[in-house]
Amino acid sequence: MPGKLGGMKRHIPCLALFALIATAAGAQQPPDPAPAPDPHAVPDPAPPPDPRAVPDPHEGLVNPPDELPKLPRGDRFRNLEFLFGALKAAPDEASAKAVEDRIWAVWTAAGSETTILLMGRAKKALDDAGKARSDEDKTKDYDLALQLLDAIIEIKPDYTEAWNRRATVYFMKKDYADALSDIFKVLAREPRHFGALSGLGLIMQDVGDDKRALDAYRKALEVYPRLKGMEEKVKNLKEKVEGRDI
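Residues numbered from 1 in each chain as written. Predicted model: local features only at pLDDT ≥ 70, side-chain atom pairs only at ≥ 80, totals over all residues. Heavy atoms only, no water.

1. Here we look at the overall build of the protein chain
Phase 1: The secondary structure content of the protein chain amounts to 10 helices and 0 strands.
Phase 2: Starting at the N terminus, the α and β elements of the protein chain follow one another as α-α-α-α-α-α-α-α-α-α.
Phase 3: The proportion of buried residues among the 246 residues of the protein chain is 35%.
Phase 4: Sequence-distant contacts, at least 24 apart, represent 62% of the contacts inside the protein chain between residues at least 6 apart.
Phase 5: About 16,300 Å² of surface is accessible on the protein chain, with carbon and sulfur atoms providing 58% of the total. (Helix = DSSP H or I, 4+ residues; strand = E, 2+ residues; numbered from the N terminus. Buried < 20%, exposed > 50% of the residue type's maximum accessible area, 1.4 Å probe, protein only. Contact = heavy atoms within 4.5 Å. Areas by Shrake-Rupley, 256 points an atom, 1.4 Å probe, with all protein chains shown as cover.)

Right, dumping it as structure tokens:
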């Protein structure tokens, strides 16, 4: 019996070793291959785009601020002359932006409660179009803004800012023919309208007419020397149209 026990003791380490080897071999076996994709499976629909990741459709346009400053009492023409002088002489961007906001306030002043109400609704429709998740919703918002602006222009055809705002809607719809028609009406009434000049430059640049785009941007910069991004646009187009300075 002791002899048998001794033999068993000699075999136990061997058995343990074999078990260890078997376990290691099992652990090293390659995993089961992934099942082949079903060629008939319907892919999951793509998630809707995150509105925060969608580029701002107003990018590049010069638009009035959401909150306009209150206007002092006085003659509108004299106020504008004073403000445009201050805009040219502004010592820094913050000062220039404050003057710009006051100019927008003069331009936007409608003098009629009905016109003010319709302009507010048109602005909301345009803002909603910028946040729309589908092309259908965007088109509906643009069409609503156009209907409201058409009504304003019919009520008050001398209200320059209604023409400018309608040009913006046409621009966003890439209806450049109608946008240009309204821009020219704006500039005929107010040649210093830097928003209209900027929009004119964007359209000309988009259709490949860099020379006219450069001309429009230069006029905007002459009126408003600190207009955000305008100096860079003029520099880049000048090099493209006229070449680098020697």
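Additional details are given in the paragraphs that follow.
2. Some details on the pattern of salt bridges
Phase 1: Per the stated rule, a full pass over the model turns up 15 salt bridges.
Phase 2: In this structure, Asp-150 engages Arg-166 in a salt bridge whose closest nitrogen and oxygen atoms are separated by 2.7 Å. Residue Asp-150 is located in helix α5 (residues 135–155), and its partner Arg-166 is located in helix α6 (residues 160–172); the two are separated by 16 residues in the primary sequence.
Phase 3: Of the residues examined, Asp-150 reaches a relative accessible area of 33% and is grouped as partly exposed.
Phase 4: Judged by relative accessible area, which is 13%, Arg-166 ranks as buried.
Phase 5: Of the charged contacts, one joins Asp-209 and Arg-212 as a salt bridge, the two residues approaching to 2.8 Å between their closest N and O atoms.
Phase 6: Each of the salt bridges in this network shares a partner with another, and the network as a whole consists of Glu-81, Glu-190 and Arg-192. (Salt bridge = Lys/Arg side-chain N within 4 Å of Asp/Glu carboxyl O.)

3. Focus on empty space enclosed by the protein
Phase 1: In total, this model carries 1 cavity of 30 Å³ or more according to the counting rule given.
Phase 2: In this structure, the largest cavity encloses a volume near 100 Å³.
Phase 3: Together, Leu-61, Val-62, Asn-63, Asn-164, Ala-167, Thr-168, Phe-171, Ile-183, Gly-195, Ala-196, Gly-199 and Ile-203 line the largest cavity.
Phase 4: Those elements that place two or more of their residues in the lining of the largest cavity are α6 and α8 (194–206).
Phase 5: Its residues placed into classes, the lining of the largest cavity shows 7 nonpolar, 5 polar and no charged. (1 Å grid on protein atoms, 1.4 Å probe; cavity = no way out; pocket = protein on both sides within 12 Å on 5 of 7 lines; lining within 4 Å. Points joined across faces, edges and corners; volume = space filled by probe spheres on them. Nonpolar A, V, L, I, M, F, W, Y, C, P; charged D, E, K, R; others polar.)

4. Notes on the layout of surface pockets
If a probe the size of a water molecule is rolled over the atoms, the empty space left behind becomes visible.
Phase 1: Roughly 350 Å³ of internal volume is contained in the second largest pocket.
Phase 2: Asp-66, Leu-68, Thr-108, Ala-109 and Ile-116 are the residues nearest the centre of the second largest pocket, which is lined by 18 residues in total.
Phase 3: Secondary structure elements with two or more residues in the lining of the second largest pocket: α3 (93–108) and α4 (113–131).
Phase 4: Considering each element in turn, the lining of the second largest pocket owes the most residues, 5 residues, to α4.
Phase 5: When grouped by side-chain class, the residues that make up the lining of the second largest pocket number 11 nonpolar, 3 polar and 4 charged.

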